Amino acid sequence: MMRPMWYRAFLLAGLIAAVPLPAAASGAWVLTEVTTDKPPISESPCYPGKTIDLSDGSARFSQGYADCSGQGRVKGGERANTTIRWQFSQPVQLLQPDTPLVVRVSITRDSNPVPYHGGGAAYFYFRSQSAVGGVELKGFLDNPNFARSIDREIRLDRVPAGRDGDKLTMWMNVSGESGGGDVFYKYEFRQQAAAAPPSPPPAKDPADIKCGQYALAAKKQASENVARGCGYTGDRWQADYQPHFLWCEAAATTDEELARETGARSAALAQCRPTVTPPTPAPPPPAPPAARDSGARFSSLSGEIEVRHDGEKEWRFAKLGTVLRVGDHVRTSEDSTAIIGFADLSTFLMKPESEIVITTPPERDSMVRLVAGNILKNVRKMLKDGTMEVEMSQAIAGARGTIFAVGTSPGAGDTAAVLQGAIEVRSKATGRTILLNQGQRVAITARGFSPVESFDIDAELARWGERFPGAEMADIRQRVDESRARHAPSRDGPSRGPAADAGDGPYGYWAVSEGADGVKMGLIFPDYSTTEYVGALFFCVPQGGVRVSVDSPGRLVAGSKAKVTITADAATVDYRGTVQDKMTDDGSIVVFDTTFNDPIFEDLAQATTIGIGIDGRKVPLPMRNSRKTFKQFFERCHR
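Residues numbered from 1 in each chain as written. Predicted model: local features only at pLDDT ≥ 70, side-chain atom pairs only at ≥ 80, totals over all residues. Heavy atoms only, no water.

(A) Looking closely at the state of the cysteines. This model, assessed by the stated rule, comprises 1 disulfide. Here Cys230 is linked by a disulfide to Cys272, with a sulfur-sulfur distance of 2.1 Å. Looking along the S-S bond of the Cys230-Cys272 disulfide, the torsion reads about -105°, which is the left-handed sense. Of the two residues, Cys230 sits in the loop between α2 (207-227) and α3 (241-250) while Cys272 sits in the loop between α4 (255-270) and β14 (297-302), which places them 42 residues apart along the sequence. No difference in accessibility class separates Cys230 from Cys272, as the two residues are buried. (Disulfide = S-S within 2.5 Å. Helix = DSSP H or I, 4+ residues; strand = E, 2+ residues; numbered from the N terminus. Buried < 20%, exposed > 50% of the residue type's maximum accessible area, 1.4 Å probe, protein only.)

Listed below in structure tokens is the structure:
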């Protein structure tokens, strides 16, 4: 098989190490590591044999089918496979700044034979939690008109420049019927980076996948050679991935030659008799106690957000599903923000270049340590058994139910400002404690407190609103406005209606249950069924999520998207859900996921009226048992 000229030129550039290459004047982003993140596969007897294979440039998803419905559509043994491939317009080893970067993505499905043909999706992310773009191939049921493959380009207009030592991460988020995962490309900017080889053609050579798998196997065998002290040397035993990959690509190797090389290494390892017995490794230190889940989760991410576990040096790129443990450090990069929700329904808004440490388990009120930067704390409920605290370099701020902002800067001290309610601030240096009320601000240094001063709450809200334009900031503004209107900033939120649990509103009632399929809550209409939930159903999902299923009165197109609107008194929130067919064939359901700390749940637990609509068609829901049921649902989810 002939290879394009750019492969040969690339190989030659890597082999002739004695000939110096010209240095790029402006530097380049140099690839330092390619890693994969594949969450555990969720096993199911109805979909046996799920597999996910991830590598640089490709992903493959596969799962089997069993006849769980009893309808005889599958006999057993059928499989649905989805293959996703991608190629960058620049050599992935070296990205040139101030140039475009195009990702060519292809998704292909291959089912054997099964009535449901699996789909797949690929999204390209560059230095931000907002995708540059994506490609999706929808699954289908017995519809020969649906495409079985798709080929698209995702374009980043400009690779940013950097300074020597700067780091960035780009990644592909891919998914199929059996699950999903990520392939991360980590870079460091180097001023003296060599010029890049010519850009490859846009078409992906199928041999790339084969050579990637070969190179990974060769690297593993070379590592075993070193670990066992076998002493084998030469090109065949190089410990790096790249030489094996380039040899495979540039030498026009056949499958037989690759198998021969792999087999030769396997035979040599089987005959390995180390000339020097490797020293017996020291017993591993006792494992540290397992870190506890703090119950905190990201509800919003923008830009580069990283997490580091206590006692570790490596920072990991954060995602919405990242589990935050007690002791974890969370930091935001330049032009990056994050919102973190805690089990006590409070939230933290982190501005760019901020870092916090999560210090409490979920059964206690949230407490964090602010290492650097600025955060805004929204405590939604009154804490009866303690206070929510933020520890800074010079002070500790505590509150029972309030909204306040704190900041810390090395060498400059701390600041605290109250937007709603009141907080107690204690100076570490002097031990003195002061009370700050709404509209008051203070600075704290190693010498103690500065004079308390007033500040413009609206101007402060506007500054935070520039960074956080979404629902969280809207909730904060509403709470601040309500507090000022009542002229009682330290009191609890708006009064609850007296009849919400007394049976007012449409016929029916709310109920909660717990069984083998977990904790769930929904509506019961006794004339229809005394045991089956109808209309709206909430599921408690592991790791702090809630899945919501809403009945549609009319049939919608399965797989399409629909807008779900939830109203609780004056609060209104829109969600984007996926349409599914109902088992009863009399309509459709719309399903969406949200976080356990979604503000709408507190509103629902206190509301006097509740309504849900799909694509603008809103209907009121029964209110009987609503408050008690929502409270029981979240208490059981916490357990």
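(B) Spatial organisation of the packing of aromatic side chains. Summed over all chains, the structure comprises 16 aromatic pairs. Seen in terms of ring centroids, Phe124 and Phe126 are 6.3 Å apart; in terms of plane orientation they differ by 65°. Their pairing is edge-to-face. By relative accessible area, which is 0% here, Phe124 ends up buried. Their ring planes at 50° and their centres at 5.4 Å tell us that Trp510 and Phe630 sit as a pair that is tilted. Pair noted here: Trp510 is in strand β31 (residues 509-515) and Phe630 is in helix α8 (residues 626-638), with a separation of 120 residues, a long-range link. On the basis of relative accessibility, which here comes to 2%, the residue Trp510 falls in the buried class. Aromatic rings pair up to connect Trp510, Phe538, Phe601, Phe630, Phe633 and Phe634 into one cluster. When the ring centre of Trp315 is taken as origin, the NZ or CZ atom of Arg331, which lies over that ring, is 3.8 Å away. Sitting over the ring of Trp464, Lys351 keeps its end group 4.4 Å from the ring centre. (Phe/Tyr/Trp six-rings, centres within 6.5 Å; stacked < 30°, edge-to-face > 60°. Lys NZ or Arg CZ within 6 Å of the ring centre and 35° of its normal.)

(C) Representation of helix α5 (residues 457-467) within the structure. Listed as buried for α5 are Ile457, Glu460, Leu461, Trp464 and Gly465. Along α5, the residues classed as buried sweep out an arc of 140° about the axis, all on the same side. You can read the cap of α5 off the contacts: a side-chain oxygen lies 3.0 Å from the backbone nitrogen of Asp458, and it is on Asp456. (Arc of directions from axis to C-beta. Polar contact = N/O pair within 3.5 Å; in protein donor to acceptor, adjacent residues only side chain to side chain.)

(D) Expanded view of the pairing of strand β21 (residues 367-378). The pairing of strand β19 (residues 347-350) with β21 spans 4 bridges and is antiparallel. What sits directly across from Thr347, in β21, is Asn378. With 4 bridges connecting them, strand β20 (residues 355-358) and β21 associate as antiparallel partners. The residue bridging Glu355 from the neighbouring strand is Ala372, located in β21. In this structure, β21 lies alongside strand β24 (residues 403-409), joined through 6 bridges in antiparallel fashion. (Pairing = 2+ DSSP bridges.)

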